[in-house]
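What the coordinates show
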Amino acid sequence: MGRLKIFSLFFGVGLVSALAPMLVGGCTQCEEFRECTTKPGLRYVECGNTQHEFNDGVSVEDEDIAWDYCYCNSSRLQCENGSSLRMCNYMTVDGSTAAQYNDGTVAELTTAVAGCLEYTGCAIETARCNYGSWYLNCSRGEERAFVSGAGAVFKDEKNAVDTCVARGPGGFLCTPIISDCEDLDSCASSKACSEFCSKPACFNNKNAASCIADPACRWTPQ
Amino acid sequence: MTAPRTLLAAALSTALALPAPALAAPAPVPVAAAPVDWSSTFTPAGASAHLGDKKPNVIVIAANPGSQAASAVFRSALTASRKAGVVIDGQALGAVESLDDRAIIDRAKVLPVQQIVIVRVFEGSPGDPPSFIAMGYGTDGTVSVALSGTAGVPLPEPEMPTEVSVPDAVPDTAEEGPKEPEESDEAKRAREAAEQEYAAKRLDGTWGALRQGTPGTSITPMQFYAAIGRDDLARQVDRRKKTRLGVALGGGIAGGGLLAVGLTFLILNATAAQNGPDFGADDPLRGGTDRIRYPLSMPVSGTLLGVGAALLIGMGVFLGVYKAHPVGRREVPGLIDRHNRELRQKLGLAGETASVRLAPSLGASNGLVLIGRF
């Protein structure tokens, strides 16, 4: 083999080595992060077609699994009739919701949950949550039940709020979610409104637990 | 024995017959401007006797004061002989009176000539004509002829060589042995034909500059193998070329591929954080990676890179050591000598004898040139 051929071979190898990172690197670009709804503060980024990285450390190759992990809770809501529901919230994507029965049928989330718990109706609550998280506020006459995204049913709303608030390592403020304390059923139920039942003074809540328990406030990332 | 060698010996015999002072020529003495008739000395036949049939281009150089006339006549005689190509004088060389023969040859060899004749004329004793010495050189500086004589005396006809030869070992009793019988014309013609065939088929040169024939045409190594009757070497070349190609392709593709893959993923892993996931400045969980995950990790990439480089280096070393030709510069001289020896035997020629030749050398290093062949 002549020197020219050897040189060509080495040149080709060098060229491929030099170009390959650009070619491969160019194909592997990460997209913008998406806010998930299954866990407060959970986000995921899609890199290429096979890498789906979550900010809690989970890495998934399959896109459907990543989609479910982001928007559909793995815990199921046990229904009064013995069936179960898997609740999915795509509100950060397109505003839609869905519930999947254990027989595979799919229905709208609030209707399905109300039927499942034999309540009159349910509404999705996000006002006291942060990072796009949520819970359901279901009513049956005067009776109320609060259902977390993970399928837990609470009688006290603050417990449901506690499941949809990320505390996180960054800075947070306790900010009002209403402009007038008169909007509350009772100013005494809110530390921010208990002193002056006018404009909520959420800054009186010095920590996350106090803020989360206050119906006039939200634990908000700075 | 070649014709120039024969003529050299003939001329040498004349040169050696010169008076010692003229041969030594410690300092060329300008010759008086008395008119000297050199035309009877340099006859066309005598001046061109050493040229052979190839009509070489000749430069005739007057190398000391007073030699211009002799050089001019010598030149005219060569031209008239029609045995030379172009015959030129030494004007292109500039002043050469202070130069020795080697320096003159260095100047002249760049010209399109094959023979360089350096003529020097020496004043004779009062009343005696001047004498001359004409040295003929090849462009490589080898002495091809040495002529000497006296103005007015024609150059002697060429004689058979008087080489000082070292004969093959024979008993001392041959020293005064009976004279060898005269060679018949038929035997002489047969010997000359054999000599011609030998001259056409003999090998010479070195590996990389192989020649066949006299003076020799360049031949390829494959032609060399054919000439020495070693077809096995030619077959080995084919096999070795295939082996080299296989190793080059295998090592090159495997090594190059591993090197490329390893290097690629090494670079990708090194730059994985540049295009990695970004969960936002307000990332609430901060538990995710900031790197793109590639199929090959950094250690695996480095290993592949090393293996690929080792394969390529190994391939290069192998190709450097395992040459296509099974013989090299060390073996070729032996093969050439053996071929030439066997060729002479086959043609019924006597082995080439070791020989010693003497030729006068004038100039900065005056004396005799000893040329040996062993």
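Residues numbered from 1 in each chain as written. Chains lettered and ligands numbered in written order. Predicted model: local features only at pLDDT ≥ 70, side-chain atom pairs only at ≥ 80, totals over all residues. Heavy atoms only, no water.

Going by the annotation in an unreviewed UniProt entry, the name recorded for chain A is Lipoprotein, with Nannocystis bainbridge given as the source organism.

**As for a nonpolar patch on the surface**
Together, L245, L249 and I253 of chain B line one region of the surface with nonpolar side chains, adding up to about 280 Å² of accessible area. Secondary-structure assignment places L245 of chain B in helix α8 (residues 231-270). (Patch = residues over 30% accessible without salt bridge, like charges linked within 9 Å, V, L, I, M, F, W, Y side chains within 5 Å. Areas by Shrake-Rupley, 256 points an atom, 1.4 Å probe, with all protein chains shown as cover. Salt bridge = Lys/Arg side-chain N within 4 Å of Asp/Glu carboxyl O. Helix = DSSP H or I, 4+ residues; strand = E, 2+ residues; numbered from the N terminus.)

**As for the side chain of D214 of chain A**
Residues and elements named next belong to chain A. Following the sequence through the fold, D214 ends up in the loop between α6 (208-213) and β14 (217-221). As a buried residue without a salt bridge, D214 has its nearest oppositely charged side chain in R128, at a separation of 6.4 Å. At a separation of 2.4 Å, a polar atom in the side chain of D214 contacts the side chain of S190. Polar side-chain contacts of D214 include one of 3.0 Å to the backbone nitrogen of A216. (Buried < 20%, exposed > 50% of the residue type's maximum accessible area, 1.4 Å probe, protein only. Lys, Arg positive; Asp, Glu negative; His and termini not counted. Polar contact = N/O pair within 3.5 Å; in protein donor to acceptor, adjacent residues only side chain to side chain.)

**As for the pattern of salt bridges**
Note on pairing: side chains with opposite charge can pair once their charged atoms come close. Tallied over the entire structure, the rule returns 18 salt bridges over all chains. In this structure, the salt-bridge partner of D106 of chain B is K109 of chain B, at a minimum N-O distance of 3.5 Å. Classification of D106 of chain B as partly exposed rests on a relative accessible area of 40%. Its salt-bridge partner being D204 of chain B, residue R202 of chain B comes within 3.8 Å of it at the nearest N-O pair. Classification of R202 of chain B as buried rests on a relative accessible area of 15%. Three or more residues are tied together by salt bridges with common partners; here these are E35 and R43 of chain A together with D282 of chain B.

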